[in-house]
Amino acid sequence: MKQDRNTTPILTNDRMPHDERLEAAVLGALLVEANYVPDVRGILTADAFYNSDNAVIYEAICRLDDEGRTVDMLSVVRAVKDANISAAYVADLTQSIGTGVAVLNRARYLADLQTLRMLIVYAAELTAKAQSDNNALDWALSELDVIAGKAVCVDAARHIGDVLQETLQDLERRQKAHQQGECVGIPTGLSYLDAVTGGWRGGQLVVLAARPAMGKTAVSLHFARSAAMAGVPVCFFSLEMPDAQLAGRMLVGASGVDANAFRRGSIVSKDWEMIERGADDLRGLPLYLFDTPSISMPRIRAQARAMQRRGRCGMVVVDYLQLIEGSDDRRTVNREREVAQMSRAAKMLAKELSVPVVLLAQLSRKVEERADKTPMLSDLRESGAIEQDADMVIFIDRPAVYSTEPFDAGSRYRTVDPQGVGRLTIAKNREGGTGLILFRHNKSLTRITDYETDTMTTDQSDNAPY
């Protein structure tokens, strides 16, 4: 940033960058031309003023502005009287600048100095933590986000005309995709789900929730593979299953071999041919697996950002929410609040990277205690904030787990035999409809297809999931 001739930062003995002359110039400009107060407030907080008296004066100016009162030298003198700041000091501020024209540039420079001071404090604290705290990395990533957030100012606002232009361009792209019979977003791999949702879109947080053993991982792998096949790079964070097992499940699904035979190693030459073809299909996909068993949301964010800089992150899948490591002290933060923070961080990640984030979550046991086992939003485990943050909430269940009797699946499907059938219940969708979508799966849950397809091959012998 171009600096004024007399605005070279002054370093104190503790090496903290600041410029009291510049602080005085900004305050003086606000006292002379109060119409700049709203603009400056969008850039500076009181913490940006290194001189404590200047910080008090700025807080007084902001308080007067909040109350709708006139901001001038007399009103400010009265407001800071109890802080033992003299009228002469306030009056001297107006002598340091004759106009408010340059106040915004000077305010931005003060904000830069504040950021430098925060970074210096951050570096000192990080040095101390790195020597004594095993969780120093999580703290470092989280604290750096806080500093970056405070550095954002009103200049980041965009005019609606610019945003509308991008909106219209995106509409043209979606219209073209619709006319060509393509999914307007990232394809899910299930035709009816694409029709209802339009596919996954950047900035979305999609919560995929179920009770254990209902197929959360299987469905999420299907989503990930479908996106990768469409050319979208996917980062899959698995906190429960090692990457080799994930790859194995995908390979069984892609090749069509028997899951039990694959697990036991009782593979014949014909199976090897199928496996090699499946491996060739998977090998070229832009799908990246992270199987760190203990990982926090700040670390997931850091890795996803790094992958996106290399062009390797167009979608994120996290399996699953309740296994994410909390970054706060669990002695002072309850689990509900901790999960709420993780859910919010997942939504912010989707928005920051402009990618869909599919976040898997477990449902509470209340589902199994009811006669009707259909999941509801109130079943989301440990935090109502999950429902609030999510753009879409999809529940997975398999009716055959609870009953072998045919079930009523509504007017679209009517009465359905539960064997080999799974249900996706869209319980919340900010940008579209809700409702029930069926899919077919084999016994090992390694292959998932549209319910309407006639090409589903059921593995009769694989009685246990790989």
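Since we're looking at a predicted model, the values are computed, not measured.

### Some thoughts on the state of the cysteines
This structure, assessed with the given rule, holds zero disulfides. Lacking any disulfide linkage, Cys235 is separated from the closest cysteine sulfur, that of Cys313, by 3.9 Å.

### Examining a nonpolar patch on the surface
Judged by side-chain polarity, Leu116, Leu119 and Leu144 come together as a nonpolar surface patch covering roughly 230 Å² of accessible area. Along the chain, Leu119 turns up in helix H6 (residues 103-132).

### Some thoughts on the side chain of Gln114
Looking at the secondary structure, you find Gln114 in helix H6. Each residue touching Gln114, except ones within four places of it in the same chain, is listed here: Thr45, Asp47 and Ala48.

### Observations concerning helix H10 (residues 216-229)
For H10, with 14 residues, the first-to-last C-alpha span of 20 Å sits near the 20 Å given by 1.5 Å per residue. Counting buried residues in H10 gives twelve out of 14 residues, a clear majority hidden from the surface. Every buried residue of H10 is accounted for by Lys216, Thr217, Ala218, Val219, Ser220, Leu221, His222, Phe223, Ala224, Ser226, Ala227 and Ala228. After H10 finishes, the residue Gly231 shows a positive phi value of roughly 90 degrees.

### A closer look at the packing of helix H14 (residues 297-309) against helix H15 (residues 335-353)
The N-to-C vectors of H14 and H15 enclose an angle of 15 degrees; their axes lie 10 Å apart at closest approach. In this view, H14 runs roughly parallel relative to H15, as classed from their interaxial angle. Crossing of H14 over H15 shows right-handed handedness. For the pair formed by H14 and H15, the contact residues are Met297, Ile300, Arg301, Ala304, Arg305 and Gln308 on the first element and Met342, Ala345, Ala346, Leu349, Glu352 and Leu353 on the second.

What counts, and at which threshold
Residues numbered from 1 in each chain as written. Predicted model: local features only at pLDDT ≥ 70, side-chain atom pairs only at ≥ 80, totals over all residues. Heavy atoms only, no water. Disulfide = S-S within 2.5 Å. Patch = residues over 30% accessible without salt bridge, like charges linked within 9 Å, V, L, I, M, F, W, Y side chains within 5 Å. Areas by Shrake-Rupley, 256 points an atom, 1.4 Å probe, with all protein chains shown as cover. Salt bridge = Lys/Arg side-chain N within 4 Å of Asp/Glu carboxyl O. Helix = DSSP H or I, 4+ residues; strand = E, 2+ residues; numbered from the N terminus. Contact = heavy atoms within 4.5 Å. Expected span 1.5 Å × (residues − 1). Buried < 20%, exposed > 50% of the residue type's maximum accessible area, 1.4 Å probe, protein only. Axes fitted to C-alpha atoms, helices over the stretch in contact; angles between N-to-C directions. Parallel < 35°, antiparallel > 145°, perpendicular 65-115°, else oblique. Left-handed = near helix turned anticlockwise from the far one by under 90°.

So yeah, pure geometry; function would need other evidence.
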